[in-house]
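Observations on the model geometry
Below, each chain spelled out in residue letters.
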Amino acid sequence: MRQEAIIQNIKVRSDKDLSEVIHKSKNRVYCTINKNILPQIARYLFNEEKARFSIASGVDTRKAVEILYHFSIDEIGLIVTLRVILDKSNLEVESLTPLMKCAEWIEMEIHEMLGVNFKGHPNLKHLLLKDDWPKGNYPLRRDSN
Amino acid sequence: MSLRLKALTKSIWVYHMSTGSCNNCDIEILDMLTPRFDVERFGIMLVGSIRHADAILVTGSLNLKTIPRIKAIYEQAPKPCVVIAIGACSCGQGMFKNGPNCPDPVDSVLPVDVYIPGCPPKPEAMIAGVVKLIGKLKGKK
Amino acid sequence: MAHKIIPIGPYHPLQEEPEFFKLHVDGETVVDIDIEIGYNHRLIEKIAESKSFDQVTFLVERICGICSTSHPFAYVNAIDDLLGIQVPERALYIRTIIGELERIHSHLLWLGLAGHFLGYNTVWMWAWRYREPVLDIFERVTGNRQSYAMMKPGGARRDMLEEDFPWIKKTLKELIPKFDMFKGAVMDDPVIHARTEGVGVLTKEDIRQYSAVGPTARASGVAIDVRKDDPYAAYDKVEWKVITHEGGDVYSKAVVRILELYESIDIILQCLDKMPKGPIDSGIKDIPPGEGIGRHEAPRGEVIHYVMSDGGNSPARHKIRAPSFMNIASNKKAVIGETISDATIILAAVDPCYCCTERMAVVDYKTGKKIMDGQDLVRLSQEKTEKIKSKLGRR
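Please read these numbers as outputs of a predicted model, since none were measured by experiment. (Residues numbered from 1 in each chain as written. Chains lettered and ligands numbered in written order. Predicted model: local features only at pLDDT ≥ 70, side-chain atom pairs only at ≥ 80, totals over all residues.)

1. Examining the overall build of chain C
- Scanning chain C for helices and strands turns up 15 helices and 10 strands.
- Counting the 395 residues in chain C, one finds 58% classified as buried. (Helix = DSSP H or I, 4+ residues; strand = E, 2+ residues; numbered from the N terminus. Buried ≥ 20, exposed ≤ 12 C-beta atoms within 10 Å, placed from the backbone.)

Spelled out as structure tokens, the structure:
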């Protein structure tokens, strides 16, 4: 089965950096990976498996900030979600925009909503909020008022 | 009543301004122009430029990015100009009342003459609202 | 720099995400485009965290009025995925019918506005007139012309009455000859061919790079459709096919949408015949901690909702992605190298932004002086159609 093959490939490529694989339901798989291998796994899914980048969700879980990259493999209706957990003291992750243009806007959005810095993003400015939005106020953080 | 205001009641040209709405009110406004309701019969026309307009139709709850823009647009409007707030959001902020990005109600920024509530108001309700506006401009109780 | 900039927007009323386009033009040709969005941003994702799970259905309905059932549809799919429950079958059919009715009214709406931009105001009036019977069905079934509030986590909010079915079927069947007329108007008219063929082409690789979805992708020959790929509701219980076209231009996008109208009617008629009797709600009480992803193929493409629950009353995180978020970015590719008079229809072709043209203005880059406004640009587009008409001897 293609689904198992994809999960197996992710396991092989990430080795020790893969901490958890959850099969939530038939077509939803969540993989928690370390942030240093994110570009590598994303490149595998996007270029080799021809997955479609659906979207990324940024979540503030109080302890840390999680970014979930949802990749859709349309031939089998599967959504593979790569979960990257970022420590609140170091909110920085490699940008995926050089790999795929579709990540540009969502990274801008997560940057302004949660204050995550995307290394290598060509144009990290405000996307949705007004230009003079107070610096350091990130609306989707738990401590924002 | 001034002559200018009286002239305004004959054929109102409207300019449509969406200030962070969900489109529902906006497509119902366009629906008024199309064959079933056809308000152009009464000389009501949607115009592309604020400088031609007699009335502004405001939809949506103002967000921080649009507030300076709608102020600028209202300043450019030839006076007298009536403002019609369409939909629950522009009448009373609707469900975005506690939203951090929509702090001000429309009537704190623009002088609203008529409120047409509903989510979205039906085209019939909008036509009734315009009729009431004309009555108000003519000084009827 | 010799380039001139045409600002488009930010005001245009028909769109869930008003954008501000800056077209950089060199003479007649568009050389670059800047897209700025956020004029409609209401921080709905933040507000959702303060509403209960049931209230969020009504909140997400107000994201977009044109596809006002797509967001609740994806949201209830996400909750169903989170809970892992089986929804009563009758509710699945009701959801499907509402979703497809919405596709019909949305595609007709787009068709009308595309006609307006090409200078065919009659098409606009016709399309919006034949959209009214669909809204009548909505009013009869749900009680409102827009914002139907038919979705509920674990079921449907209201039942459909069997006694309405013959009337709904009759109304829908009466629409088919009207669609034939539109099909003829678009597919057989040499003027429309000349205006739209080869204009704003997106290749398969562009679609992949920008992750474009829905009719925009299907018009470039990429057969992605959530209804087929990851079946939900009753889409795997009825017969239908995914419409694709190879061109990738504006013409293909119009053809895909028109042909989808027939498929939608077909799906609704089958659903009305097959709908079983029974309960419509599974009566969910508590939402346990967990996460779920729900998808729905909206008229414009895939909507995806991610819901995270911490066991409380309201979502801990609710991520919403509308199809236009992906499709609008693809304008960057489609519009570059085309002429200004074609820019209107290309930007409208992904079905995001039509009324912005009302507020288009050409500004001389050096002096900042306004030399052309919105009506001039629509006029420019309409004049081009007239020119082609006279060239083809169709006056």
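2. Here we look at the interface of chain C and chain B
- In this complex, chain C contributes 35 residues to the contact, which on the side of chain B involves 31 residues.
- Among the elements that make up the side of chain C that touches chain B, the one with the highest residue count is helix H5 (residues 121-142) of chain C (four residues). (Contact = placed C-beta atoms within 7 Å.)

3. Structural notes on the environment of A:His126
Residues and elements named next belong to chain A.
- Within the secondary structure layout, histidine 126 lies in the segment after strand S7 (117-119).
- With 17 residues separating them along the chain, histidine 126 and glutamate 109 place their C-alpha atoms 7.5 Å apart.
- Setting aside residues no more than four positions away along its own chain, histidine 126 makes contact with Glu112, Asp131 and Trp133.

4. Quick look at the environment of A:Leu38
Residues and elements named next belong to chain A.
- Turning to its location among the elements, leucine 38 is positioned in helix H2 (residues 38-48).
- Spatially, the C-alpha atom of leucine 38 lies 9.2 Å from that of arginine 83, the residues being 45 residues apart in sequence.
- Leaving out residues up to four positions away in the same chain, leucine 38 has contacts with Ile33, Leu82, Val84, Val93 and Glu94.

5. Focus: the domain arrangement of chain C
Residues and elements named next belong to chain C.
- Here chain C is described as being made up of domain 1 (4-40 + 327-391) and domain 2 (44-321).
- Every contact between the two is made by 26 residues of domain 1 and, on the other side, 25 residues of domain 2.
- Of all the elements in the fold, those that place two or more residues in the side of domain 1 that touches domain 2 are helix H13 (331-334), helix H14 (340-349) and helix H15 (374-391).
- In terms of residues, the side of domain 1 that touches domain 2 owes the most to one element, H15, which gives eight residues.
- When its residues are assigned to classes, the side of domain 1 that touches domain 2 shows 11 nonpolar, seven polar and eight charged. (Domains from an automatic or database assignment. Nonpolar A, V, L, I, M, F, W, Y, C, P; charged D, E, K, R; others polar.)

6. Considerations on the environment of B:Val14
- Turning to its location among the elements, B:Val14 is positioned in strand S1 (residues 13-18).
- For the pair formed by B:Val14 and B:Gly48, sequence separation is 34 residues and the distance between their alpha carbons is 8.9 Å.

7. Brief notes about the confidence of the model for chain C
Residues and elements named next belong to chain C.
- For chain C, mean pLDDT is 82; residues scoring 70 or higher make up 87% of the total.
- The spread of mean pLDDT over the elements of chain C runs between strand S9 (residues 361-363), the lowest at 35, and helix H11 (residues 250-274), the highest at 93.
- Per-residue pLDDT stays below 50 along residues 353-372; that stretch engages in 56 contacts with residues further than four places along the chain or on separate chains.
- The ipTM assigned to the predicted complex is 0.92, against a pTM of 0.89. (pLDDT = per-residue confidence, 0-100.)

8. Quick word on the sheet that holds strand S6 (residues 290-298) of chain C
All names here are of chain C.
- Strand order in the open sheet made by the three strands is S6-S7-S8, with antiparallel pairing throughout. Two strands in the sheet have a free side with no partner beyond their single neighbour: S6 and strand S8 (317-321). Put simply, the sheet's adjacent strands are angled 10 degrees from each other on average, direction ignored.
- Inspection of the sheet shows strand S7 (residues 301-309) paired to S8 by five bridges, in the antiparallel sense. Residue pairing in the sheet places histidine 305 in a bridge with isoleucine 320 of S8. (Pairing = 2+ DSSP bridges. Axes fitted to C-alpha atoms, helices over the stretch in contact; angles between N-to-C directions.)

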